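Working through the structure, step by step
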Amino acid sequence: MIKYLNIRSKQRNEFIDITAEVEEALGESGIKEGVCYIYVPHTTAGVTINEGADPSVQRDIINSLTRLVPHDLGYFHREGNADAHVKSALAGVSASVPIEAGKLILGTWQSIYFCEFDGPRHRRCVVKFIKG
Ligand code: ZN
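Residues numbered from 1 in each chain as written. Predicted model: local features only at pLDDT ≥ 70, side-chain atom pairs only at ≥ 80, totals over all residues. Heavy atoms only, no water.

**Describing the overall build of the chain**
Operational definition: Think of it this way: any DSSP run of H or I at least four residues long counts as a helix, any run of E at least two long counts as a strand, and we number them from the N terminus. In this description the radius of gyration comes from C-alpha coordinates, and the expected globular size is given by 2.2 Å times residues to the power 0.38. Exposure is judged per residue with a 1.4 Å probe applied to protein chains only, and the accessible area is read against the type maximum: over 50% gives exposed, under 20% gives buried, and values in between give partly exposed. In what follows, residue pairs with any heavy atoms lying within 4.5 Å of each other are defined as contacts. Note on areas: these come from Shrake-Rupley sampling with a 1.4 Å probe, and a residue is covered only by the protein chains present in the view.
Counting its secondary structure elements, the chain contains three helices and eight strands. Shown N-terminal to C-terminal, the secondary structure of the chain runs as helices and strands in the order β-β-α-β-β-α-α-β-β-β-β. For 132 residues, the compact-globule estimate of 2.2 N^0.38 gives 14 Å, and the C-alpha radius of gyration of the chain, at 15 Å, lies within 12% of that figure. For the chain, the spread of C-alpha atoms along the principal axes amounts to about 50 × 30 × 25 Å. In the chain, which comprises 132 residues, the share counted as buried stands at 39%. Put simply, 83% of the contacts in the chain that link residues at least 6 apart link residues at least 24 apart. For the chain, the exposed area adds up to about 7,400 Å²; of that, 53% sits on carbon and sulfur atoms.

Here it is, written out as structure tokens:
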């Protein structure tokens, strides 16, 4: 079973919490044991699992990535979004979470974030549940 989440980002750099949508898709799948695989089919976005309780953490991650990878640094890629490609490479485009008793095994403070690095845009995120 595969599910596409439609995501509409509002800022150039933005973390969007997709945990509830992934959990909802898991409920619809009926899968009780296995792995949830989350994949972002874009070159200027990513996915990460991190602190969900304090929104300051997302801002700190975005600010840190922006300090590491400034928007204009004389990049070879002339589309104007080279920094977004580099941030996507750093964040990665996939994540996986074990499923037990029909629930995602996330830590108390963990949430799943779609990472936008070249918004605002309409994006998609793939969620696949592997039984086992
Ligand atoms: Zn580009």
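**Description of the environment of Asn50**
In this fold, Asn50 is placed in strand β4 (residues 45–51). Under the relative-accessibility criterion, Asn50 is labelled partly exposed at 30%. Asn50 sits 34 residues away from Ala84 along the chain, and the two C-alpha atoms are 19 Å apart.

**Describing the coordination of the zinc ion**
Put simply, the rule is: Listed donor atoms are N, O and S within 2.8 Å of the metal (Na, K and Ca: 3.2 Å). As water is not included, a site may look incomplete. A site with four donors is called tetrahedral when every donor-metal-donor angle falls between 85 and 135 degrees; four donors are called square planar, and six octahedral, when opposite donors sit more than 155 degrees apart and all other angles fall between 65 and 115; any other arrangement is irregular.
Summarising the metal site, the zinc ion is bound by the protein donors His77 (NE2), Glu79 (OE), Asn81 (OD1) and His85 (NE2), whose distances to it range over 1.9 to 2.2 Å. Given four donor atoms and angles of 90 to 156 degrees at the metal, the environment of the zinc ion is assigned as irregular. Donor residues for the zinc ion, ordered by position in the chain, follow H-x1-E-x1-N-x3-H. On the accessibility criterion, His85 (24% relative accessible area) is partly exposed.

**Points about the sheet that holds strand β8 (residues 122–131)**
Going by this rule: For two strands to be treated as a pair, DSSP must find at least two bridges joining them. Orientation is described by lines fitted to C-alpha atoms, with helices fitted over the stretch in contact, and by angles between N-to-C directions that extend from 0 to 180 degrees.
Taken in spatial order, the five strands line up as β1-β8-β3-β5-β6 in an open sheet, and their pairing is antiparallel. Each edge of the sheet is formed by a strand with only one pairing partner; in this case those strands are β1 (2–8) and β6 (103–104). As paired strands, strand β5 (residues 94–100) and β6 are joined by two bridges and run antiparallel to one another. Bridged to Glu100 within β6 is Lys103. Each of β1, β3 (34–39), β5, β6 and β8 touches helix α1 (residues 19–29); the most contacted strand, β8, lies at about 40 degrees to it.

**Topic: helix α2 (residues 55–68)**
Test applied: Here the expected length of a helix is defined as 1.5 Å per residue gap, with one fewer gap than residues. Here the arc refers to the set of directions running from the helix axis out to each C-beta atom. As used in this structure description, the phrase polar contact means that two N or O atoms lie within 3.5 Å; if the pair is within protein, one of them must be able to donate a hydrogen and the other to accept it, and residues adjacent in sequence are counted only when both atoms belong to side chains.
Between its terminal C-alpha atoms α2 stretches 20 Å, which fits the 20 Å expected from 14 residues at 1.5 Å a residue. When we look at burial in α2, the residues that qualify are Gln58, Ile62 and Leu65. Buried residues of α2, viewed axially, fall in a sector of 65 degrees; they line one side. Exposed residues pointing more than 90 degrees away from the buried face of α2 are listed as Arg59, Arg67 and Leu68. Next to the buried residues of α2 lie β2 (14–17), β4, α3 (82–91) and β7 (110–116). For α2, the side-chain oxygen to backbone nitrogen distance between the N-cap and Ser56 is 2.9 Å, and the N-cap itself is Asp54.

**Details of the sheet that holds β7**
Judged by pairing direction, the sheet is antiparallel, and its three strands sit side by side in the order β2-β7-β4 without closing on themselves. Either end of the sheet is taken by a strand with one partner, and the two such strands are β2 and β4. Shown here is a sheet whose adjacent strand axes are inclined to one another by a mean of 35 degrees, direction ignored. Pairing analysis gives seven bridges linking β4 to β7, with the strands arranged antiparallel. Looking across to β7, one finds that Val47 is bridged to Phe114.

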